[in-house]
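These are the residues of each chain, in order.
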Amino acid sequence: MTTSDTAVHTQPFQAEVSELLHLMVHSVYSETDIFLRELVSNASDACDKLRYEAIASPALLGEGDALKIRIIPNKQAATLTIADNGIGMERQELIDHLGTIARSGTKAFVSKLKEAKDGLGLIGQFGVGFYSAFMVAEKIVVVSRRAGESDVWTWTSSGGSGFEIARASDEEAARVTRGTEIVLHLKDDAKKYLEAFEIERIIAAYSDNILFPIELVPEEGEPRQINSASALWQRSKSELTSDDYKKAYQQIASAFDDPAMTLHYRAEGRYSYAVLLFAPSTKPFDLFEPNRKGRVKLYVRRVFITDDADLLPGYLRFIRGVVDSEDLPLNISREMLQNNPQLAQIRKAVATRVVNELESLAEKDPENFAKIWDAFGAVLKEGIYEDFERREKLLALSRFTTTSGEKRSLKQVIADFKPNQTEIYYLVGDSIERLKSNPRLEAATARGIEVLLLSDPVDAFWTSMPSEFDGKPLKSLSQGDLNLDLIPRVDNNNEAKKDEPEADEAATIAVIKAALGERVSDVKASTRLTSSASCLVADSQGPSRELERILSQQNRGMKTKPILEINLRHPLVGAITKAQAGSKVVDDLSLLLLEQAQILDGELPEDPAAFAARLNRLVLQGLGA
């Protein structure tokens, strides 16, 4: 034992923790009840961890009391104690867990907390619940003994710049035989949390479904259990109310919104397991983290195993809840989690059930489905790219902004097909506003064809694969050849005049190709354009221009040369034919066709200065200057 281990050691908080505590201490919350839910939840996790570790090492449980959580108010000392006999922490663990926040989302949390008028709910989402205790406490003392260890340590802080670590006194060591005791020295305006009825109210609202008994130890009278301590997912649906499900969701997911969808069932047969899953109605902060980690917890016979079992595919990572197996071994390892055939069957069955439930919700409760789609539509569309087996179902679930409206389903789009239309048309870009003004829409607009406007980054990926829905292929307006001649125009007036070319096709294309050289892969007469002079498209065999743009931003893939399509009916194109071949005017006009197409695509010309000079020359020539 070193001197540093026995002496009182003062250590500063991690920078993010200091900023977080400043916000906590200065009351960013209008409701402070959250602190008790978070501390009880942490205590439950500690009991879960011990129960799991005791599977391999039964001696860790010893002969002590059954796992439980105790809440002890002391009005005379103005302290509130939350104690558990779970796994406990050794000295370094106290420093690591209570002095730093090892999460990539910490800075995002602090930022959101500053912006929020009322941060209720953010603490639970960001996994920094312990620090919420500083909303009500002017000082916190944590005493902890790790299971199987003899040393007991105290962690003390007043929410300032740091904390102290010291060996526990004999009295503290005698009191904490295993687990963790958190003593809150309450602020004057938080003394209401010493009242038994306040404690019971909060536990009933937020922590009733904690699987371990929560005992209230009053100053007078006997300790009594104040939660039901039952696995709600193991109970019959007929016993439960919507309020029961809401409380369970908020406790399991550390959330404060209402669930937009609840799925509760028991699978019987070859494998038996209980499922309680929820779809949130608001977007969690970590939805687009690169690891795409799921948040469904795996239990085996009501023993918590892990929340890292990947029980649902990545595109369903927004789902929260519990899967409780009756058949898996309690000592299942991480390697077994990845390769266990029984768990693979459970994963497949549960994913199918979730997608089916979303289908049912979309049909029977469009309002709640709309909440899910608004928050998680971009995530669900990842499944169209990844999950071939369920692609048709996910396409049916998808809701799109189109040239005809918002939240349109593909069934609605097909129902509004124009005469002779056989394909579903779409356009991919970086914003709905830019897509609405895209020249590639012109031929479709002239015929009244509804077009899907796709602006989520994932759209560039799933549309890169050949797709169809209800036997109708999905066709890009920005890739490959396009022929809409069989679909009549909405306005037939002067149609023949509109189709009269201003320029000779072969001669004009030859001149423009010569002027542009290697800047494009080809020049073609366009069937997409009715009023604009030009647009850029991709070859039907390669990636779309939007996918190419995304990959180039990530330094992935090679950039290919686009195809320039020209509108032979446009006066600017006609002017190229009329100009003398090889003249500066032909070069300027040809480059202008390319560069304005790039600008309409949201790109800069390769040489902005040369573009500005070229445009100035053409304007001055037009003015006769």
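Residues numbered from 1 in each chain as written. Predicted model: local features only at pLDDT ≥ 70, side-chain atom pairs only at ≥ 80, totals over all residues. Heavy atoms only, no water.

## Brief notes about the pairing of strand S2 (residues 69-74)
No. 1: The alternating pattern of S2 places Ile69, Ile71 and Pro73 on a buried face and Arg70, Ile72 and Asn74 on a face that is not buried.
No. 2: For S2 and strand S3 (residues 79-84), the ladder comprises six bridges, and the chain directions are antiparallel. Bridge pairing links Ile72 to Thr81 in S3.
No. 3: Hairpin connection from S2 to S3: four residues lie between these consecutive antiparallel strands, with Ala78 at a positive phi of about 55°.
No. 4: Where S2 meets strand S8 (residues 214-216), three bridges bridge the pair, whose relative direction is parallel. Counted as the bridge partner of Arg70 is Glu215 from S8. (Buried < 20%, exposed > 50% of the residue type's maximum accessible area, 1.4 Å probe, protein only. Helix = DSSP H or I, 4+ residues; strand = E, 2+ residues; numbered from the N terminus. Pairing = 2+ DSSP bridges.)

## A word on the environment of Val136
No. 1: If you trace the backbone, Val136 turns up in the loop between helix H6 (122-126) and strand S4 (137-145).
No. 2: Residue Val136 is classed as buried on the basis of its relative accessible area, which comes to 1%.
No. 3: As a C-alpha pair, Val136 and Tyr193 span 57 residues in sequence and 8.9 Å in three-dimensional space.
No. 4: Sequence-distant contacts of Val136, that is, excluding residues within four places in its chain, are made with Thr32, Phe35, Leu184, His185, Leu186, Lys187, Ala190 and Tyr193. (Contact = heavy atoms within 4.5 Å.)

## Points about the nonpolar core
No. 1: Leu316, Phe318 and Ile319 are the most contacted members of the largest nonpolar core, which has 64 residues in total.
No. 2: Setting aside its immediate chain neighbours within four residues, Ile319 contacts Met261, Leu277, Phe278, Ala279, Arg295, Val296, Leu312 and Val354.
No. 3: By size, the runner-up hydrophobic cluster in this structure holds 50 residues, among which are Ile34, Ile69, Val136 and Ile182. (Core = buried A, V, L, I, M, F, W, Y, C linked by side-chain atoms within 4.5 Å.)

## Let's talk about the sheet that holds strand S1 (residues 9-12)
No. 1: Pairing is mixed in the open sheet, where nine strands are placed in the order S1-S6-S5-S4-S7-S3-S2-S8-S9. Each edge of the sheet is formed by a strand with only one pairing partner; in this case those strands are S1 and strand S9 (224-225).
No. 2: Bridge count between S1 and strand S6 (residues 162-167): four bridges; the pairing is antiparallel. Note on S6: the bridge partner recorded for Pro12 is Gly162.
No. 3: Relative to the sheet, helix H4 (residues 91-99) contacts S1, S4, strand S5 (153-157) and S6, its axis offset from that of S6 by approximately 165°.
No. 4: Relative to the sheet, helix H8 (residues 196-206) contacts S2, S3, S8 and S9, its axis offset from that of S8 by approximately 165°. (Axes fitted to C-alpha atoms, helices over the stretch in contact; angles between N-to-C directions.)

## Looking at the sheet that holds strand S21 (residues 534-537)
No. 1: Strand order across the open sheet formed by three strands is S20-S22-S21, with mixed pairing between neighbours. Here the strands that pair on one side only, and so sit at the sheet edges, are strand S20 (522-525) and S21. With direction set aside, neighbouring strand axes in the sheet form an average angle of 30°.
No. 2: One ladder, built from four bridges, connects S21 with strand S22 (residues 563-566); its direction is antiparallel.

## Focus: empty space enclosed by the protein
No. 1: One pass over the structure, following the stated rule, counts three cavities of 30 Å³ or more.
No. 2: Here the largest cavity is characterised by a volume of approximately 160 Å³.
No. 3: In terms of lining residues, the largest cavity is bounded by 17 residues, among which Val428, Gly429, Arg440, Glu546 and Arg549 are the most central.
No. 4: For the lining of the largest cavity, the elements supplying multiple residues, two or more each, are strand S16 (424-428), helix H16 (432-436) and helix H21 (545-553).
No. 5: The element best represented in the lining of the largest cavity is H21, accounting for three residues.
No. 6: In terms of residue class, the lining of the largest cavity is built from four nonpolar, six polar and seven charged.
No. 7: Of the pockets and cavities examined, the second largest cavity occupies roughly 80 Å³.
No. 8: Taken together, Pro284, Asp286, Leu287, Glu289, Asn291, Arg292, Lys293, Arg295, Arg317, Phe318 and Arg320 make up the full set of residues lining the second largest cavity.
No. 9: A per-class count over the lining of the second largest cavity returns three nonpolar, one polar and seven charged. (1 Å grid on protein atoms, 1.4 Å probe; cavity = no way out; pocket = protein on both sides within 12 Å on 5 of 7 lines; lining within 4 Å. Points joined across faces, edges and corners; volume = space filled by probe spheres on them. Nonpolar A, V, L, I, M, F, W, Y, C, P; charged D, E, K, R; others polar.)

## Details of the environment of Val451
No. 1: Following the sequence through the fold, Val451 ends up in strand S17 (residues 451-454).
No. 2: A residue is classified by how much of its surface remains accessible, and Val451, at 1% relative accessible area, is buried.
No. 3: Between the C-alpha atoms of Val451 and Lys436, which are 15 residues apart in sequence, the distance is 9.8 Å.
No. 4: Ignoring any residue separated from it by four or fewer positions in sequence, one finds Val451 in contact with Thr401, Thr402, Thr403, Tyr425, Tyr426, Leu427, Leu441, Ala444 and Leu477.

## Examining a nonpolar patch on the surface
No. 1: On the surface, Leu615, Val619, Leu620 and Leu623 cluster together into a nonpolar patch covering about 360 Å² of accessible area.
No. 2: With respect to the helices, strands and loops of the structure, Val619 is situated in helix H24 (residues 608-622). (Patch = residues over 30% accessible without salt bridge, like charges linked within 9 Å, V, L, I, M, F, W, Y side chains within 5 Å. Areas by Shrake-Rupley, 256 points an atom, 1.4 Å probe, with all protein chains shown as cover. Salt bridge = Lys/Arg side-chain N within 4 Å of Asp/Glu carboxyl O.)

## Thoughts on the side chain of Asp33
No. 1: Position of Asp33 among the secondary structure elements: in the loop between helix H2 (15-25) and helix H3 (34-56).
No. 2: Exposure remark for Asp33: the relative accessible area of 9% places this residue in the buried category.
No. 3: One polar contact links Asp33 to Tyr193, side chain to side chain, over a distance of 2.7 Å.
No. 4: When sequence neighbours within four positions are dropped, the list of residues in contact with Asp33 reads Tyr193, Arg201, Ile202 and Tyr206. (Polar contact = N/O pair within 3.5 Å; in protein donor to acceptor, adjacent residues only side chain to side chain.)

## Examining the packing of helix H23 (residues 584-600) against H24
Angle between the axes and distance between the axes are the two parameters that describe a pair of packed helices.
No. 1: One can describe the packing of H23 onto H24 by two numbers: an axis separation of 10 Å at closest approach and a directional angle of 120°. Classed by the angle they form, the pair H23 and H24 counts as oblique. In the crossing of H23 with H24, the sense of the turn from one axis to the other is left-handed. Contact residues: Lys584, Val585, Asp588, Leu589, Leu591, Leu592, Glu595 and Ile599 in H23; Phe611, Arg614, Leu615, Arg617, Leu618 and Gln621 in H24. (Parallel < 35°, antiparallel > 145°, perpendicular 65-115°, else oblique. Left-handed = near helix turned anticlockwise from the far one by under 90°.)

## Remarks on unusual backbone geometry
No. 1: Even without being glycine, Ser254 reaches a positive phi, approximately 50°.
No. 2: Mapped onto the fold, Ser254 is located in the loop between helix H9 (242-253) and strand S10 (261-267).
No. 3: With a phi close to 50°, Lys407 is a non-glycine residue in the positive phi region.
No. 4: Inspection of the secondary structure puts Lys407 in the loop between strand S15 (401-402) and helix H15 (410-415).

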